[in-house]
Amino acid sequence: MNIQTVATKLLLKLPQPILNKLMRSVPKNNKNIKNNEKPWHLKGNWAPVEKELEVQNLEVIGDIPKEISGKYIRNGMNPVSGYSDHWFFGNGMLHSVEIENGKASYKNKYVRTPYFENDMGMMEGSFDLKASPANTHVIRHADKILTLEEAHFPWIVNDDLETVGSHDFEGKLNGPMTAHPRICPETNELLFFGYQMMKKPYLTYHRVSADGELIQSEEIDIPRPVMMHDWNITRNYVIFMDLPLVFDLDQAVSGSDPFGFRPECGARLGVMPRDGSNKDIKWIDINPCFVFHPMNAYEEDNKIILHVCRQNKAMVGGMDEIYGGKDTTGKLWKWTIDLDAETCKEEQIDDAACDFARVDDRLTGLKAKNGYAMAIDENAKTLTFGQFLYKFNLEKNTRTDHDLGDNVFGGEPVFVPKSKDSSEEEGWVMAIVFDDNIKKSKLIIVDVENFDKKPVCEVILPQRVPFGAHGSWLSN
Ligand SMILES: [Fe+2]
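In this convention, every chain numbers its residues from 1, walking through the sequence in written order. It should be noted that, the model being predicted, local features are given only for residues of pLDDT at least 70 and side-chain atom pairs only at 80 or more, the latter also being counted only at that level, while totals for whole chains, interfaces and linings use all residues.

**Let's talk about the overall build of the protein chain**
In plain terms, the rule: Working definition: helices are DSSP H or I runs of at least four residues, strands are E runs of at least two. Numbering for both runs from the N terminus. Only the C-alpha atoms count toward the radius of gyration. The rule for a globule is 2.2 Å times the residue count to the power 0.38. Exposure criterion: with C-beta atoms placed from backbone coordinates, a residue whose C-beta has 20 or more other C-beta atoms within 10 Å is buried, one with 12 or fewer is exposed, and one in between is partly exposed.
Secondary structure summary: the protein chain contains 4 helices and 33 strands in total. Its C-alpha atoms give the protein chain a radius of gyration of 21 Å, within 12% of the compact-globule value 23 Å for 476 residues. Oriented by its inertia axes, the alpha-carbon framework of the protein chain measures out at about 65 × 60 × 45 Å. With 476 residues in all, the protein chain has 47% of them scored as buried.

Right under this line is the structure:
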């Protein structure tokens, strides 16, 4: 009996009235929705694009540095029917900008999973680990390009973005995989967790060897199902964030928002040796808050230092309120865990609203001086990407702003090193931004040493790229 069957059987043990309510809450795609009734995630540059294109020799303003060789792939939600009930549930579409010898080409493709092929909605895809929207992130590990979402298996695509198949690590993965795994730059291990809400274990930890073999899985005890979007690693530890964005099945069944911010449940960081298990975790209390994305974490003596985009609250207006308002938008905070005292010092570093934080991937889990994030408009009612990219000096607690210009809206900043061995001070930040003045999307390349100056170049993309989620630079 496979896990899907088990899940279905467990579901079917629910009292029939509850099951009926649950099934009635399955969203049906509505392709005929009028423009003025569209939810925010289907309007403007959130609206999906229809075409899958492949275009060579793109228009470039400025010169692409000759040292850049590889491709930037970004994932994002692009509902194939034109409609999805929530931003989280659109079909994954990959946008790739390939750069070589100062020239750029573009390609975009859907990730073709059962969720795509059968045009599923949120609940329809809930009980099949293969039925992933595959819409949140894309990484490369052990020569595989993995497209990720947080409630299902990853899906593999090839270099041409064609879907190869789902990936369960030769049958060893028996639950979902986060969209935010981490690759250790020193060991090349892939570390990740999976969380699930309908049944235990609510949290599971996994470790994959450099050559792609799943070598460790550990069930982790947490008292209740919570949304755990991201996490942290250091050289010797992983750090889970058990934060009070709590999943409530009763609420889901009643058709209400299934996630509630419940500060009374408390908030904890769980520090575990990378080869440890549940019994080895030190749980350290912090003030109730929510974090979608940390920036990075590292060890220093008996301390672990984390930089995170911390929100005071999360989704207080329901699932639609992903961000929106000062309390539910991230600001850069520094958390210092004292492993001996089992305490955490919490300090706000900066007051700029931001998220989608990154460092040089080669410093994941190690001490990075520079961190990057995208501005979020904290005064907007719904998730609104801001007009700035930010560079933070994490040693001096200072910030340098890259102004994208009026009516230009950001995307996640991804660091591209000048060469394999160059320092984090030498390289560029790439982001796909939307220029509403010309109604076009652009890949901008910003020199990190001159971060407040104009980009060294802008690659004009041949079609609008909807605001999306995360991506990776894959060097050649
Ligand atoms: Fe994310």
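That was the structure; now back to the text.
**Observations concerning the pairing of strand β20 (residues 290–300)**
For clarity, the cut-off: For two strands to pair, DSSP has to find at least two bridges joining them.
Buried residues dominate β20, accounting for 8 of its 11 residues. The pairing of β20 with strand β21 (residues 303–311) spans 8 bridges and is antiparallel. For Phe 290, the partnering residue across the bridge sits in β21 and is Gln 311. Counted along the chain from β20 to the antiparallel partner β21, the turn is 2 residues long, and its residue Asp 301 has a positive phi close to 55°.

**Focus: the nonpolar core**
One recurring pattern in soluble globular proteins: nonpolar side chains tend to sit buried together. Rule in force here: Linking buried Ala, Val, Leu, Ile, Met, Phe, Trp, Tyr and Cys residues through C-beta atoms within 7 Å yields a set, and such a set is a nonpolar core. Two residues form a contact once the distance between their C-beta atoms, set from the backbone, is within 7 Å.
Ranked by internal contacts, the top residues of the largest apolar core, which has 126 residues, are Ile 239, Val 429 and Met 430. Broken down by element, the residue count for this core peaks at 7 residues, all from strand β30 (residues 427–435). If we skip the residues at most four places from it in the chain, Val 429 touches Tyr 372, Leu 389, Pro 413, Val 414, Phe 415, Val 446 and Val 448.

**Remarks on the pairing of strand β22 (residues 331–338)**
Strand direction decides the pairing type here: β21 and β22, joined by 8 bridges, are antiparallel. If you follow Ile 304 over to β22, its bridge partner there is Ile 337. For β22 and strand β23 (residues 343–348), the ladder comprises 6 bridges, and the chain directions are antiparallel. Among the inter-strand pairings, Asp 338 is bridged to a residue of β23, identified as Thr 343. Hairpin connection of β22 to β23: 4 residues between the antiparallel strands, including Glu 342 at a positive phi of 55°.

**Topic: the sheet that holds strand β10 (residues 182–183)**
Sheet architecture is open: 4 strands sit in the order β10-β11-β12-β13, paired in antiparallel fashion. Looking at strand neighbours, the two that pair on one side only are β10 and β13 (214–220), the edges of this open sheet.

**Thoughts on the sheet that holds strand β5 (residues 103–110)**
Pairing in this open sheet of 5 strands is antiparallel, and the strands run β1-β5-β4-β3-β33 from one edge to the other. Two strands lie at the open edges of the sheet, namely β1 (54–55) and β33 (471–475), each paired on one side alone. Inspection of the sheet shows strand β4 (residues 92–100) paired to β5 by 8 bridges, in the antiparallel sense. Bridge assignment links Ile 99 to a residue of β5, and that residue is Ala 104.

**Examining the environment of Asn 75**
Here Asn 75 is to be found in strand β3 (residues 70–77). Separated by 21 residues in the primary sequence, Asn 75 and Ser 96 have C-alpha atoms spaced 8.9 Å apart. Aside from chain neighbours lying at most four places away, what touches Asn 75 is Gly 92, Leu 94, Asn 135, Thr 136, His 137, Val 138, Thr 147, Gly 468, Ala 469, His 470 and Gly 471.

**Quick look at unusual backbone geometry**
Residues Lys 200 and Pro 201 are joined by a peptide bond in cis, for which omega reads -5°. If you trace the backbone, Pro 201 turns up in the loop between β11 (190–195) and β12 (203–208). Residues other than glycine seldom take positive phi values, yet Glu 170 does so here, at roughly 55°. The exposure class of Glu 170 is exposed, given the 9 C-beta atoms found within 10 Å. Of note, the phi angle at Asp 301 is positive, near 55°, even though the residue is not glycine. Relative to the helices and strands, Asp 301 resides in the loop between β20 and β21.

**Section: the environment of Glu 52**
The residue Glu 52 is located in the loop between α2 (16–24) and β1 in this model. With 55 residues separating them in the primary sequence, Glu 52 and Lys 107 have C-alpha atoms 7.3 Å apart. Each residue touching Glu 52, except ones within four places of it in the same chain, is listed here: Asn 108, Lys 109 and Tyr 110.

**Here's the deal with the confidence of the model for the protein chain**
Selection rule: Every residue carries a pLDDT, the predictor's confidence in it, which falls somewhere between 0 and 100.
Looking at the protein chain, the pLDDT average stands at 92 and 91% of residues meet or exceed 70. The low-confidence segment residues 1–6, where pLDDT is below 50, has 6 contacts with residues more than four positions distant or belonging to other chains.

**Brief notes about the environment of Asp 452**
Relative to the assigned elements, Asp 452 resides in the loop between β31 (440–447) and β32 (457–460). The exposure class of Asp 452 is exposed, given the 10 C-beta atoms found within 10 Å. Distance in space between the C-alpha atoms of Asp 452 and Thr 187 is 34 Å, their sequence separation being 265 residues.

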